[in-house]
Each structure stands twice: as structure tokens, then as C-alpha cells.
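# Summary of structural features
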Amino acid sequence: MKLKFTVLFLFCGLIALAQNPSQGNGGQRPAGSAGPGGQRNAAATLPTSGDGKITGEVLDSISKVPVEFATIALFRKNDLKKPIDGTVTDEKGKFVLKNVVNGILAVRISFIGYEDKWVFPKEITDKHLNVDLEKVDLGMKSNVLNEITVTGQKEMIEEKVDRMVYNAEKDIMAKGGDASDVLKKVPLLTVDLDGNVSLRGNSNIRVLINNKPSTIMAASIADALKQIPADEIKTVEVITSPSARYDAEGTGGIINIITKKNNIEGLNLNVNSGIGNRAANLGLNGSYRKGKFGLNLNGYGRGMYNPSETYMNQNTIRSGFTQNTTQTGKSKDLGAFGRYGLGFDYDIRKNEFLSGGVRYGTRNFVRNSDINIYNEINGIGTGYNRNIDSKDLSGTVDLNLDYLRIFKPQKELSFSTLFSRTGLTNNFDTENTYSAGEDPFYQRNKNNNTNNEFTVQGDFMTPIKERQLFEVGLKAIFRTVESSYNYFTGNAGGITFTLDPNRPGGALDYSQNVSAGYVSYTASSKNKWTLKLGTRFEQTNISATINKTTQADIPAYFNVVPSVNISKNFNNGLTIKTAYNRRIQRPGIQQLNPNLNISNPQSYSVGNPNLRPEISDNVELGISGNLKKTYLNFSLYSRTSSNAITQVSTPIDSLPQVILTSYQNIGKEQSYGGNLFGNFRITQSFSINGGFELYNMYLNGQTVGSDGISKPVTNSGWVVSGRLMGQYAMKSGWQFQAFSFVRGRRINLQGYQGGFGMYSLGISKEINKKKGTIGLSADNFLTRGIKNTSTIHSDLINQYNENLRLNRGFRFTFSYKIGKMGINSQPRKKTRGVNNTDVKEGGGNDNATQAPGAGGR
């Protein structure tokens with residue numbers, strides 16, 4: 001309760017900080033106040049206000065649609081560098097500059113995606129106080145027009161000030177797939193054969209959807225990505241060096257998935273569908289917009305089928321015996337995934353916005369495995385068969401409400417709330433047959449989890465002098481996890497089950513409250529240096545109760561998370577930037593869950609509710625630029641993580657021998673490396689992008705020796721990966737794409753994970769005046785499947801695993817748009833929402849009312 005009152009008090013402070021006389025003026029400033037380029041000099045000898053007035057209306061030069069939120073900056077004609085006043089246009093594109101000083105003046109009009117427009121009105125005098133500029137047309141920037149009218153002009157991969165952007169809407173091979181099919185092609189990311197995502201070799205990442213977190217990601221990122229249709233993804237943003245505005249969580253970095261939005265007036269409906277030998281999908285996205293109100297309704301469903309074959313050979317050595325185990329098996333995976341949403345946005349006034357929504361996601365994943373096991377202990381062998389039916393089911397509800405107020409350009413106050421709830425069910429049934437003629441032995445495990453998360457945050461930003469920006473924010477997150485589990489044994493035929501007296505059930509009640517605040521300062525110079533400094537403070541309080549009676553001893557902790565970003569832009573288009581930031585990684589629900597998973601008879605797994613977060617320090621240096629038709633980016637980086645959460649596998653005292661895998665804070669991880677990638681535009685219609693990454697990993701931890709005493713263990717090695725993608729677009733509407741990726745062997749603390757590769761081809765054709773698209777794609781079609789290996793080595797264990805994923809796939813896709821077609825030339829200002837990023841949709845424009853480099857929040 002004390003924490004909630006503290007948060008409320010701090011939010012009230014944010015409101016007080018934002019208050020000024022301009023609030024009742026619709027975002028316009030009273031006479032004599034500071035201009036958008038910075039505060040006025042009180043010692044200035046020239047008058048700064050008068051009785052004049054300048055009015056006008058800003059329109060798109062092509063569509064003649066009013067341009068809302070265009071920036072209006074007023075200058076003296078003899079000093080076009082320092083603005084003396086400013087405002088923004090309203091929803092009708094109109095603006096008014098009041099209390100204008102007498103003299104010969106100049107007006108600059110600018111907006112994202114448009115060329116700046118200078119207008120020189122008649123001189124303001126005592127006899128001529130009111131000037132009407134009437135209608136002023138803004139023309140789009142040439143590169144924006146090219147993206148709209150020239151086939152294939154927009155690059156697949158782009159780089160912004162603080163992030164890498166992959167334009168997924170241009171990826172024809174991902175259509176009919178899910179988010180993991182898109183992420184496979186994003187530079188710096190690796191998606192393995194099980195769908196696990198890592199960034200520069202680190203799987204401790206934070207994944208956001210439209211800048212918002214969700215408990216859908218808490219249990220398994222790989223499973224959550226299957227609920228997001230590839231057809232609905234517009235871009236994927238990879239942020240390796242987050243600023244202080246970001247939550248500190250995610251030692252590897254942040255991945256932000258931006259979905260498509262429709263701002264076109266009227267009623268619109270998009271249909272996306274696909275069918276193949278391994279999956280089928282259907283998605284509908286409808287929107288309605290009228291004036292200040294917009295409504296969006298979407299639904300997506302996907303079914304998948306994927307078989308696999310496994311092989312394991314394990315040698316275990318303990319005092320008094322040696323065990324060799326061989327395990328072979330076949331599995332069939334069936335999955336049904338869905339995601340549905342209803343959202344709205346409303347313009348309260350020309351400078352106040354409200355948005356909200358509700359989303360529901362479901363995951364139903366069923367696996368049937370048939371495993372044959374042969375154990376040989378001191379030369380005596382026994383074998384048996386184990387049939388496993390496992391169910392991984394979940395349902396997630398997200399609700400958000402967001403508010404934004406703009407006082408003047410770059411002075412904004414926002415409040416956001418998010419409630420997210422996920423229910424998880426992880427159950428399995430096993431049938432164990434030891435010899436012919438004997439009745440099978442049945443086992444069952446039921447594990448139910450509920451994850452709740454409520455977030456409230458407030459953010460305020462304001463310019464402080466020319467080319468400087470100040471940001472401050474507060475945030476509170478309240479998380480609860482409830483988990484309960486039981487084991488059962490079944491009678492002959494597996495018809496009825498009773499509690500297993502040898503395996504008692506249990507429960508975990510886990511509560512985590514995070515209160516955070518940040519400050520950030522951005523400054524840029526006239527010679528194109530940009531500096532961004534920030535510090536984030538996070539206080540985490542945890543309470544955990546095991547089996548409703550035992551209180552876990554988990555102390556609270558406080559983290560200071562600094563960040564520094566420096567960049568320099570040269571006149572030849574070359575950009576150099578360097579960054580440092582500290583990140584933390586809190587344990588996830590599966591790492592905390594004390595439920596003992598015994599579905600695999602030779603390899604058990606269990607969580608550890610006493611885990612503490614790991615800390616990571618990251619340094620990065622990058623250089624990028626254009627060389628004629630080629631864009632290149634080269635980066636070097638280093639990451640050091642302490643108190644790392646590490647998987648540890650040890651044999652437990654049983655016959656036959658079983659390997660138990662759990663998590664402990666005993667590791668140290670160091671990695672350093674570099675990556676090079678580029679876009680190569682060979683012709684206007686043909687382009688290639690690709691690159692490679694090379695890094696070294698060093699791991700240090702603890703393991704159990706042959707004498708039963710813990711001892712240190714280390715492992716290190718180099719990892720290399722590369723990707724190549726080509727695309728060709730024809731004026732007739734045909735498009736062709738090809739993609740390939742390969743990753744070498746990757747180490748872990750007690751062994752390694754083998755390398756793998758993947759490839760795909762795709763072709764599509766636009767139909768009916770670009771209203772529809774049909775396509776065909778093929779994945780890994782030259783072989784039966786992709787094989788992946790892994791090993792574990794220690795004084796007690798030598799284990800070799802081999803997994804053959806039968807993922808040869810073919811897919812036919814169809815999409816169609818019903819309703820108005822075209823481009824909405826007026827981007828709408830959106831409320832920010834709960835987010836763990838400093839993303840500002842649409843970026844910024846380089847004018848005196850904005851601190852350069854601060855637009856990409």
C-alpha cells in the first residue's frame with residue numbers, strides 16, 4: 001500500500017511539472033513565452049512580442065488533405081537560424097500565430113515526410129497587423145515519393161539513430177507464417193529450430209508488441225511468437241543500446257514488433273490466408289475511421305503440424321556403477337494459435353489524444369512422443385517404451401488505456417496503463433511399458449500457472465534551449481505469479497488417476513513489484529554531434545511463498561542503470577556512434593517454477609524460485625554510411641554479465657540414472673565480437689542484403705565433480721553466422737525473393753549446441769489493381785529435414801543429443817484489401833502507451849523546434 005501511495009504522489013508531481021499558462025490555449029504560447037527552439041534571452045534588446053497576427057492553412061500538395069500537427073516556426077528575415085515564435089496546425093491544417101512582433105518576418109512550415117516550406121509574409125506594421133498566408137501546399141520529400149511510386153525502392157533493412165529496422169511488409173516469403181518466420185531474417189537476430197530467439201548470441205531479450213510488453217512473453221517467447229501473424233507485421237526494430245527511457249530488463253537488448261495500422265478514412269477490411277503442408281492460417285483485419293474517431297478489429301488463427309525424430313546417447317559415471325543410455329523417439333506436434341484484438345483512438349482536442357484496446361491470445365500446443373529407452377548398468381541391460389501426451393495451453397488478455405497531451409512542439413505529457421493476465425496449463429500423461437505381457441504403468445502431471453501484471457507510467461518531455469531536450473518519467477509494475485502442481489499414478493488402462501504418494505505436489509506464490517524513474521538529456525551541436533545521457537533507477541521488492549507455508553528469503557534490490565549514446569554525422573553521409581548501457585535480466589516464470597517436469601524419463605527439469613537477476617554491462621561502437629548504391633554498417637561490441645542465470649545439469653541418485661537440469665546464479669558470461677551487413681541495390685528493381693556476425697563467448701560457472709563437491713568450470717569459443725537475401729520486383733506486379741541463413745556451433749557452460757542452416761524461396765503477384773496478392777513459397781525443400789545436435793560434458797555426464805526437425809514446407813498465400821485504397825498522407829499523432837522503449841513513431845524532423853537526434857524516442 002505504501003508503494004502505491006508513493007507512485008501516486010510521484011505522478012502528481014509529473015502533472016505539476018507540466019503545468020503552464022499555455023494549457024488553456026490549445027498548445028499555443030502566450031506573448032513573450034519561450035519559442036520552440038529554446039528559451040528567450042531576457043537580455044535581448046529586440047522586442048519579442050507585438051500586436052500582429054499571422055494565419056494560414058497547410059495542405060498536402062497532392063491530395064489537398066489538411067496536414068495536422070505541422071510545425072510552424074517564426075523567424076526574423078535577417079536571422080533564419082533562431083525562431084522567435086511557433087505553433088502547430090490543428091486537425092483542419094489551420095494555424096494562428098498571435099502577438100507577432102512588427103517587422104519583416106519569415107515562416108517555416110515542416111512536417112515528417114515533407115520538404116520544409118519557407119513563406120515570407122508582408123511586413124507587419126502598426127497599419128498592417130493581420131496577415132493571412134491562406135493555403136500553403138507541402139510537398140513530400142523525394143525519398144518518400146520514391147517509396148510510394150517506385151517498385152522496390154524502400155530498402156528491406158534500414159538504420160535509424162538508435163535502432164535497426166527490418167521492413168517486414170516487403171517480405172513475401174513470411175506471408176502465411178508467424179512472427180518467428182520474420183525474425184529469422186532480421187540482422188543481429190538468430191532463431192533456432194525450436195523458435196528460440198537470441199540477439200548477438202544472448203537469449204535474454206525483451207520483446208515488445210507495438211511498444212507494449214505482455215505476459216504472453218513471460219512463459220516462452222518462442223511460443224508467444226506463434227500467436228503473431230507475419231502478415232500483420234509492418235517492421236521489426238532491434239535496439240542493442242537502449243536509453244534510460246527503456247525498462248532496464250533484457251541484457252541482450254530489445255526487439256519491438258510493430259504491426260500494421262490503417263489511418264484511411266472510411267471502412268476497410270484486409271483478408272490474409274495461407275495453406276501448406278505444415279501449417280494453415282486465416283486472418284481478418286478491419287478498421288473504421290470517421291473524423292476524430294478510429295476503430296480497429298482484428299482476428300488471426302493458425303494451425304500447424306510438425307513431426308520430428310530424436311536420438312540420444314548418454315554415458316553416466318557414478319561411484320560404484322557406470323550407466324550407458326540410448327534413447328530414440330518420434331514426435332508429432334499439433335498446434336492451434338490465435339490472436340484477436342479490438343482497439344480505438346479518439347482525438348479529444350487538437351492537442352489531446354486517447355487510445356485503448358483489448359487483445360486476447362490463445363495457444364494450444366499438443367505433442368505426442370513415442371520413445372524407446374535402453375539402459376545398460378554395469379553390463380546388464382533393460383529396455384522399455386514410453387508414450388507421452390503433453391499439452392501446453394494458454395490464454396492471455398491485455399487491456400490498455402493511454403493519454404497524450406501536447407503543449408507545444410516537443411513538449412508533451414503522457415499517462416499510460418496496461419493490465420495483462422496469462423493462464424498457463426502444462427500437463428502430460430505417460431504410458432510406460434516395460435515388458436510384453438505386463439500392464440503399463442501410467443503417470444500424470446498437472447501444472448497450472450497464472451501470471452498477472454499491472455503497469456502504470458507517466459512521461460514528460462520538454463525542450464530546454466535550442467537543440468536540447470529533457471525527459472523524465474516514472475513507472476510502477478505489479479506482478480504476481482501463482483503456480484500449483486500435482487503428480488498422479490493411473491490404474492490399468494489409464495482410466496482413473498490418484499495422487500502419487502511418492503511425488504508430493506506443491507505451489508508457488510510469487511509477487512514482484514518494480515518502481516522506476518528516469519531522467520534523460522539530449523543535446524546536439526551545429527556540427528552534427530549528438531549526445532544523449534540518461535540514468536534509470538529501479539527498486540524491486542519480491543515475496544515468495546512455497547507450498548503456502550514456507551517463505552522464501554529473497555531480499556529487495558535497487559539498481560542504477562546509466563546509459564550514454566554519442567553520435568557524429570559527417571557531410572558525406574558517414575555516421576559514427578558509440579554507446580554504453582547497463583541492463584538487468586529478471587528470471588522468468590519457467591526459471592522460477594518449482595514443478596519437477598518428468599515427461600522425459602532420462603532428463604528432468606525444475607525451476608528455482610530463489611533466483612536473482614543478472615547484471616550486464618554493454619559497450620558498442622558502430623560506423624555506417626552510403627557508398628553510391630550500397631549501404632554498409634559495421635559494429636563492434638562487448639558484453640559482460642555477472643550473476644548470470646545458468647542452466648546446470650547433474651545426475652541424481654536413482655537407478656536408472658536421471659539427469660536433472662535446473663537454474664542457478666553461478667555464472668559469468670563475457671562476449672565480444674562484430675557484425676557487418678549491407679544493402680546492395682544493383683538496379684532499381686533488384687537488390688541484395690546480407691551480412692555476417694562473429695563473436696567470442698566465455699562462460700564461467702560451477703558444476704558437481706566426481707567426488708560430489710562443487711568445482712569451477714569454464715568454456716569458451718567462437719561463433720559465426722551469416723545471412724543473404726535477394727529480391728527482384730517487376731513493374732507487372734511480380735516479385736521474387738530468396739533467403740538463406742547459417743549459424744556455426746555455439747557453446748554453453750557444459751557443452752555446445754551444433755550449427756544449423758535454413759533457406760527459402762518465394763514468388764508473389766499483385767492482382768486487381770494491387771488490391772490483392774497471391775504467393776507461393778518453399779522452405780528447406782531440398783532435404784527431408786534439418787538436423788541439430790547438442791552435447792553435455794562433465795566429470796559425471798557425457799551426453800549426445802540429435803534432433804531431426806522434419807520442416808520441409810510449401811505454402812500458398814492469398815491476401816485481399818476491401819475498402820479504400822491509397823496512402824494517408826497525414827500520419828496521425830498517437831498516444832504512447834505503456835512501453836519499455838523510447839520509440840516515437842515516425843521519427844522526427846530536423847528543424848529548430850526539435851533537438852536533433854531526439855526524435856527517435
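Not measured: the values here are computed from a predicted model. (Residues numbered from 1 in each chain as written. Predicted model: local features only at pLDDT ≥ 70, side-chain atom pairs only at ≥ 80, totals over all residues. Heavy atoms only, no water.)

Attention now moves to the overall build of the protein. Counting secondary structure elements, the protein contains six helices and 43 strands. When burial is assessed residue by residue, the protein has 54% of its 857 residues classed as buried. Of the contacts made within the protein by residues no fewer than 6 positions apart, 67% connect residues no fewer than 24 positions apart. Per element, the accessible surface of the protein, about 36400 Å² overall, is 56% carbon and sulfur. (Helix = DSSP H or I, 4+ residues; strand = E, 2+ residues; numbered from the N terminus. Buried < 20%, exposed > 50% of the residue type's maximum accessible area, 1.4 Å probe, protein only. Contact = heavy atoms within 4.5 Å. Areas by Shrake-Rupley, 256 points an atom, 1.4 Å probe, with all protein chains shown as cover.)

With that settled, the discussion passes to the sheet that holds strand 6 (residues 117–119). Taken in spatial order, the four strands of this open sheet run 3-2-5-6, and their pairing is antiparallel. Of all strands in the sheet, those bounded by a partner on one side alone are strand 3 (85–88) and strand 6. Neighbouring strand axes in the sheet, compared pairwise and without regard to direction, differ in orientation by 20° on average. In the sheet, strand 2 (residues 71–76) pairs with strand 3 via four bridges, with the strands oriented antiparallel. Looking across to strand 3, one finds that Thr71 is bridged to Val88. (Pairing = 2+ DSSP bridges. Axes fitted to C-alpha atoms, helices over the stretch in contact; angles between N-to-C directions.)

It is worth spelling out the side chain of Gln727 at this point. Note on placement: Gln727 falls in strand 35 (residues 710–729). Assessed through its relative accessible area of 8%, Gln727 is described here as buried. A polar atom in the side chain of Gln727 sits 3.5 Å from the side chain of Gln737. Leaving out residues up to four positions away in the same chain, Gln727 has contacts with Met156, Lys170, Ser685, Phe686, Ser687, Phe736 and Gln737. (Polar contact = N/O pair within 3.5 Å; in protein donor to acceptor, adjacent residues only side chain to side chain.)

Spatial strand order, 8-9-13-14-12: five strands in an open sheet with mixed pairing. The open sheet has two edge strands with one neighbour each: strand 8 (157–159) and strand 12 (205–209). Across the sheet, the mean angle separating the axes of adjacent strands is 20° when strand polarity is ignored. When strand 9 (residues 164–166) meets strand 13 (residues 233–239), the two strands line up antiparallel, connected through three bridges. Note on strand 13: the bridge partner recorded for Met164 is Val238.

Moving on: the environment of Asn541. Locating Asn541 in the fold gives a position in strand 26 (residues 529–546). Sequence separation of Asn541 and Pro555 is 14 residues, and the distance between their C-alpha atoms is 7.4 Å. Sequence-distant contacts of Asn541, defined by excluding residues within four places in its chain, comprise Ser511, Gln512, Asn513 and Ala556. Side chain to side chain, Asn541 and Gln539 meet in a polar contact 3.4 Å long.

Time to look at the pairing of strand 26. The pairing of strand 25 (residues 506–524) with strand 26 spans 17 bridges and is classified as antiparallel. Residue pairing for strand 26: Thr522 is matched across the bridge by Lys532. Counting the residues in the hairpin turn of strand 25 and strand 26 gives four residues, including Lys528, whose phi is positive at 70°. Two elements, strand 26 and strand 28 (residues 557–569), share twelve bridges in a ladder whose sense is antiparallel. Residue pairing for strand 28: Trp529 is matched across the bridge by Lys568. As defined by bridge partners, strand 26 adjoins strand 27 (residues 550–551) across two bridges and the pair is classed as antiparallel. When the bridges of strand 27 are listed, Thr545 appears paired with Gln551. Hairpin remark: strand 26 followed by strand 27, antiparallel, with three residues in the connecting loop; positive phi at Asn547, about 55°.

Turning our attention to the pairing of strand 12. Within strand 12, five of the five residues are buried, leaving the element largely enclosed by the surrounding structure. The side-chain alternation of strand 12 yields two buried faces, one formed by Ile205, Val207 and Ile209 and the other by Arg206 and Leu208. Pairing between strand 12 and strand 14 (residues 253–259): five bridges, direction parallel. Within strand 14, the residue paired with Ile205 across the bridge is Gly253.

Counting across every chain of the model gives 24 salt bridges. Across the salt bridge formed by Arg302 and Asp178, the nearest N and O atoms sit 2.8 Å from each other. Here the residue Arg302 occupies a position in strand 17 (residues 293–318), and Asp178 occupies one in the loop between strand 9 and helix 3 (179–183), the gap between them amounting to 124 residues. For the pair Arg302 and Asp178, one class covers both residues: buried. Across the salt bridge formed by Arg444 and Asp429, the nearest N and O atoms sit 2.8 Å from each other. With a gap of 15 residues between them, Arg444 in strand 22 (residues 441–463) and Asp429 in strand 21 (residues 411–433) connect regions that are remote in the sequence. Here Arg444 falls in the partly exposed class, since its relative accessible area comes to 23%. The exposure class assigned to Asp429 is partly exposed, which follows from its relative accessible area of 26%. (Salt bridge = Lys/Arg side-chain N within 4 Å of Asp/Glu carboxyl O.)

This next bit is on a positive patch on the surface. Among the surface-exposed residues, Lys92, Lys94, Lys135 and Lys292 lie close enough to one another that they form a single positively charged patch. Tracing the backbone shows Lys94 in strand 4 (residues 94–100). Classification of Lys94 by relative accessible area gives partly exposed; the value is 43%. (Patch = residues over 30% accessible without salt bridge, like charges linked within 9 Å, V, L, I, M, F, W, Y side chains within 5 Å. Lys, Arg positive; Asp, Glu negative; His and termini not counted. Charge placed at Lys NZ, Arg CZ, Asp CG, Glu CD.)

The full count for this structure, using the stated rule, is twelve aromatic pairs. Relative to Phe120, the ring of Trp118 lies with its centre 6.4 Å away and its plane at 15°, an arrangement referred to as stacked. Judged by relative accessible area, Phe120 falls into the partly exposed class, the value being 44%. Aromatic ring contacts, followed pair by pair, group Phe686, Tyr728, Trp734 and Phe736 into a single cluster. Seen from the ring of Phe120, Lys77 lies directly overhead, with NZ or CZ sitting 5.3 Å from the centre. (Phe/Tyr/Trp six-rings, centres within 6.5 Å; stacked < 30°, edge-to-face > 60°. Lys NZ or Arg CZ within 6 Å of the ring centre and 35° of its normal.)

This brings us to unusual backbone geometry. Phi at Arg200 is positive, roughly 55°, even though this residue is not glycine. A positive phi angle, near 45°, is found at Asn780, a position not held by glycine.

Now for the confidence of the model for the protein. Chain-level pLDDT for the protein is 80 on average; 83% of the residues reach the 70-or-more range. When the elements of the protein are averaged for pLDDT, helix 2 (residues 142–149) gives the smallest value, 37, and strand 36 (residues 734–743) the largest, 93. (pLDDT = per-residue confidence, 0-100.)

This paragraph deals with the environment of Asn527. Looking at where Asn527 falls in the secondary structure, it is placed in the loop between strand 25 and strand 26. In this structure Asn527 comes out as partly exposed when scored by relative accessible area, which is 43%. It is 9.3 Å that separates the C-alpha atoms of Asn527 and Asn571, two residues lying 44 residues apart in sequence. Among all residues touching Asn527, those that are not within four sequence positions of it are Lys568 and Asn569.

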